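Single-letter residue listing:
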Amino acid sequence: MSILFRGGAVATEIETKIADLLVIGDKITTIGVDLPVLDAKVVDCDGLILLPGGVEPHAHFSLPMFDTISSDNHFTGHRAAAFGGTTTVMDFTSQSPGDSLQQSIDLSRSKAAEMAAVDYSFHVNVTDFSDNIEREIPRLPSQGLTTLKVFTAYNGRLRISNEEISKVLHIATENGMLVMIHIEDGDEIDSLVERALSDGYTAPIWHARTRPAHGEALAGRRAIEIAESSKASLYIVHITTAGLLNQINSGRKRGVSVMSETCPQYLFFTEEDLLKPDGANWVCSPPLRTVDDNEALWQGLSDGSIQTVGTDHCPFFADGETAIEYDGQQLTIPGKELGKSDFTRIPNGLPSIEHRMSLLWTFGVSAGKLSVQRFVELTATNPARIFGLYPRKGTLLPGSDADIILWDPSRKHTIGVTSSHMRTDHELWEGFEVEGYPVQVYLRGCLLVDGDKWLGKAGFGQFLHRQTNAQVL
Ligand SMILES: [Zn+2]
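Analysis parameters
- Here, residues in each chain are numbered from 1, in the same order as that chain's written sequence.
- Local features in this predicted model are restricted to residues of pLDDT 70 or higher, and side-chain atom pairs are both shown and tallied only at a pLDDT of 80 or more, whereas totals for entire chains, interfaces and linings draw on every residue.
- Each helix is a run of DSSP H or I of at least 4 residues and each strand a run of E of at least 2, with the numbering of both proceeding from the N terminus.
- Within these notes, the globule rule equals 2.2 Å times the number of residues to the 0.38 power, and the radius of gyration is based on C-alpha atoms.
- Around each residue's C-beta, the other C-beta atoms within 10 Å are counted; 20 or more make the residue buried, 12 or fewer make it exposed, and counts in between make it partly exposed. All C-beta atoms are placed from the backbone.
- Note on contacts: residues are paired as contacts if their backbone-placed C-beta atoms lie within 7 Å.
- Any two strands between which DSSP finds at least two bridges are classified as paired.
- When buried Ala, Val, Leu, Ile, Met, Phe, Trp, Tyr and Cys residues are joined through C-beta atoms within 7 Å, the set is termed a nonpolar core.
- Reported domain spans reflect what an automatic or database domain assignment gives.

(A) View of the overall build of the chain. Secondary structure assignment for the chain yields 12 helices and 21 strands. Computed over the C-alpha atoms, the radius of gyration of the chain is 21 Å, within 12% of the 23 Å expected from 2.2 N^0.38 for a compact globule of 473 residues. Over its C-alpha atoms, taken along the principal directions, the chain stretches across nearly 70 × 50 × 40 Å. In the chain, which comprises 473 residues, the proportion classed as buried is 54%. Expressed as a percentage of contacts within the chain between residues at least 6 apart in sequence, the contacts between residues at least 24 apart total 75%.

In structure tokens, the structure reads:
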């Protein structure tokens, strides 16, 4: 089947131009002016922008945490992503202590395969390093898995030592892979948490107060130095502070290949939000910071020092004891209430995958902070480049997958829990007005979202075989 998208503004990382775009089967074949219709179905795109389907570099579906699980699964989370204009999503595998990486990969892939509604891949967490893991890593690229993730926090659970991080960087570099890193100072967090609890501080705000901004900058500086001495590339997930951004900029200036991502929550909210009656809903790690940090991160997005916007989508119910209606069924999943008498028991994470593109368009492009090309880079092209998917994903070129968003820059939408597709009972951006929203979303030439209608299905999403030696930006 062929589709001719007629007369829209085709926006890529390079330019925006009025053109026709022809899709045959699952690929874009031709972009040009006055293309012949032949037997194609014609979609009139007058007044609309054609964007490449969003590429989400960072999400967590059905992630076990503190006696519960993040409340979106690979179907509900993918569907919410698609409604917001995202057609490729990357999640993480979770290595259990003593297990091989392959066990976590097999588990994640089997969970996702039947449910996936958009295309997907996994980054592979390395949380228990050993000689066996060292031998196992080089076998991952043949499975299309080219990224590893390590942590400098969560002592005794997810963290590995600096020496082990250095080894992972070496093995990754030798095999054309990329290491991603969660940066916080695990030692300082543990001692501050212990002190807060022994002093009787249990409210959500202490989640932020025990994970201070300077720890992110200091741990980041160490990690950047390790990457520098290993001559390796590094991708820092979810940066939240001006301090870490400064460390990254100074590393990049002296030639270190360090890239970074931030998330919408770090652009809009601050530590003050944790003081609200529903402050637990704003608990995520790293925590929310200050207005100055928000502004520094916007600046980093606009000047190119931050390469991607992911969401770290990891929703939990605000009140997991009260049922919500979802897909016609009553549903409860334990959530933030688990930590009502102890901030260390509040599941970390929040819902955001659906709003990444509309928020960035409204408060970035329309506000004059981002060009359309920069928006495309941050939401699609750069994650595709960095994670070995470009030019199949992340752009609109002949030969690329026909992942196309028909974007109406004048379509208004009020964010709210009743209109959201994310499987949770609250919205952090409740009442925010966005202007600029998808009217249709195509994945590989198939229409998934038509206005407010869902036309996709579980199992349609494909596991993506990613390339090694991807671009370093
Ligand atoms: Zn995460």
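Back to the write-up after that little detour.
(B) Spatial organisation of the sheet that holds strand 12 (residues 178-182). Across the sheet, eight strands lie side by side as 6-9-10-11-12-13-14-15; this open sheet has parallel pairing. Taken across any chain shown, the strands that pair with only one partner, and hence form the sheet edges, are strand 6 (54-56) and strand 15 (308-309). Inspection of the sheet shows strand 6 paired to strand 9 (residues 86-93) by three bridges, in the parallel sense. Considered in strand 9, the bridge of E56 is made with V89.

(C) Layout of the nonpolar core. Core analysis: the largest hydrophobic core is formed by 131 residues, its most contacted members being L50, L148, V179 and L234. Each of two domains, domain 1 (2-52 + 396-411 + 433-454) and domain 2 (59-386), supplies a minimum of three residues to this core. Filtering out sequence-adjacent residues up to four positions away, V179 remains in contact with L148, V150, V168, L169, A172, A232 and L234.

(D) Quick look at unusual backbone geometry. That bond from S285 to P286 is cis: its omega, -5 degrees, falls within 30 degrees of zero. As for its placement among the helices and strands, P286 is situated in the loop between helix 9 (265-268) and helix 10 (291-303). Following Y390, the chain continues to P391 via a peptide bond in cis, the omega torsion being 5 degrees. Take P391: it is sitting in the loop between helix 12 (372-386) and strand 18 (404-414). The phi angle at S62 is positive, at roughly 50 degrees, despite the residue not being glycine. Note that S62 resides in the loop between strand 6 and strand 7 (64-65). For S62, a count of 17 C-beta atoms within 10 Å translates into the label partly exposed. Not every positive phi belongs to a glycine, and F66 is a case in point at roughly 45 degrees. Residue F66 is classed as partly exposed on the basis of its 15 C-beta neighbours within 10 Å.

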